[in-house]
Amino acid sequence: MGGSRLTVVVTRALPQVVETRLKELFDVELRDPDSPMTREELAEAMGRCDVLVPTITDKIDAGLIGQAGPRLKLIANYGAGVDHIDVSTARARGILVSNTPGVTTDDTADMAIALMLAVTRRIPEGLAAMRGEWQGWSPMAFLGGRLAGRRLGILGMGRIGQAVARRARAFGLQVHYHNRKRLRVEVEAELEATWWESLDQMVSRMDIISINCPHTPATFHLMNARRLKLLKPSAVIVNTSRGEVIDENALTRGLRAGEIAGAGLDVLENGRVNPRLQDLPNVVLLPHMGSATVEGRVEMGEKVIINIKTFADGHRPPDQVVPGML
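Basis of the calculations
Residues numbered from 1 in each chain as written. Predicted model: local features only at pLDDT ≥ 70, side-chain atom pairs only at ≥ 80, totals over all residues. Heavy atoms only, no water. Pairing = 2+ DSSP bridges. Helix = DSSP H or I, 4+ residues; strand = E, 2+ residues; numbered from the N terminus. Axes fitted to C-alpha atoms, helices over the stretch in contact; angles between N-to-C directions. Contact = heavy atoms within 4.5 Å. Parallel < 35°, antiparallel > 145°, perpendicular 65-115°, else oblique. Left-handed = near helix turned anticlockwise from the far one by under 90°. Nonpolar A, V, L, I, M, F, W, Y, C, P; charged D, E, K, R; others polar.

Colleague: Honestly, the sheet that holds strand β6 (residues 151-155) in this entry has me stumped. Any pointers?
Modeller: In sheet architecture, strand pairing relies on hydrogen bonds along the backbone and comes in two forms, parallel and antiparallel. The strand order β8-β7-β6-β9-β10-β11-β12 describes an open sheet built from seven strands, whose pairing is parallel. Strands with a single pairing partner mark the edges of an open sheet, and in this sheet they are β8 (193-195) and β12 (283-285). Mean inter-strand twist for the sheet, computed between neighbouring axes without regard to direction, equals 20°. As defined by bridge partners, strand β10 (residues 236-239) adjoins strand β11 (residues 262-265) across four bridges and the pair is classed as parallel. By the bridge assignment, Val 238 is partnered in β11 with Gly 264. Docked against the sheet, helix α5 (residues 105-120) engages β6, β9 (208-211), β10, β11 and β12, running at close to 145° with respect to β10. Contacts between helix α11 (residues 248-256) and the sheet are confined to β10, β11 and β12, with β11 contributing the most and set at about 140° to the helix.

Take a look at the structure:
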């Protein structure tokens, strides 16, 4: 990229230490106050910058990429998921895309286990009681169920799925999984995990389902109405991946009809709260908090910086995303 400093536009407020380091290295425009850019603001930024640093709240589709100026050569996403970016169109326009994989694996896996506990042990109901008029302890109040001995079916056995499996074993859960490719024998043995080639067969036998696969065209509504009906009435489903993997309307119907025992959702389809889910006592909803740790956010920023700096030095970003990876 020569000796000139790159012009970098950041679409949301990031941790101060990340913003400061970006300022030291590049000509950076920071977002203040912290609010999502409008489509018009995104188009304007993409028309004049060398590097765009978007987040999951920014829909970078073919239309926006078509309006990008000739200077834009890198979209350095702040986050691991890139389903909000049309990677194929970007590649066709000669624009590289990078992401920040791996740094929030443990944080997201922790949240998956937290949601399992919250739903099965009825923690939100207990919290609500303590904010109301609690009448005191009772032997039969707020009875939940223990995790130990239950069968956990993990949908998507990548970094996060495997991290969930390791934690699940510590809680005494029996680990099962479905994945595009079966894990190596030694990894299966380490995780004590049972592989199911058939997703239908797996979900019909599990006590808890954990969604840990990315959102791609192939996984859109992978847990559709038909598949959700295969769940046991006592089963719980947890999603810390992407809301679009589950048909949320079908899930809501199943929960309200008592066909599914409970759900813990850190992600929502279309990024909006379904009001018919909010009033269900057996549903725990969180505002996409899976990767929300100080450490994780800073490490994501460090990955963004490394990708931009490597690109500025004339090399391929280490976390470049290509269509074949999706």
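Colleague: Please clarify how the packing of helix α1 (residues 16-25) against helix α13 (residues 294-312) should be interpreted in this entry.
Modeller: Angle between the axes and distance between the axes are the two parameters that describe a pair of packed helices. Relative to each other, α1 and α13 sit at 15°, their axes nearing to 9 Å. As judged from the angle between their axes, α1 and α13 are roughly parallel. For α1 against α13, the interelement crossing comes out right-handed. Two secondary-structure elements touch here, α1 through Val 17, Val 18, Arg 21, Leu 22 and Leu 25 and α13 through Arg 297, Val 298, Gly 301, Ile 305, Ile 308 and Lys 309. Each residue belonging to the contact of α1 with α13 can be placed in one class, and the counts come to seven nonpolar, one polar and three charged.

Colleague: Please explain the sheet that holds strand β3 (residues 51-53) as it appears in this structure.
Modeller: Taking strand neighbours across the sheet as the criterion, the six strands line up as β2-β1-β3-β4-β5-β13 in an open arrangement whose pairing is mixed. Looking along the sheet, the strands with just one partner apiece sit at the ends: β2 (27-29) and β13 (320-321). Where strand β5 (residues 96-98) and β13 come together, two bridges link them in antiparallel fashion. Bridging from a neighbouring strand, Val 97 pairs with Val 321 of β13. In this fold α13 packs onto β1 (7-10), β3, β4 (74-76) and β5, with an angle of close to 160° to the strand it touches most, β4.

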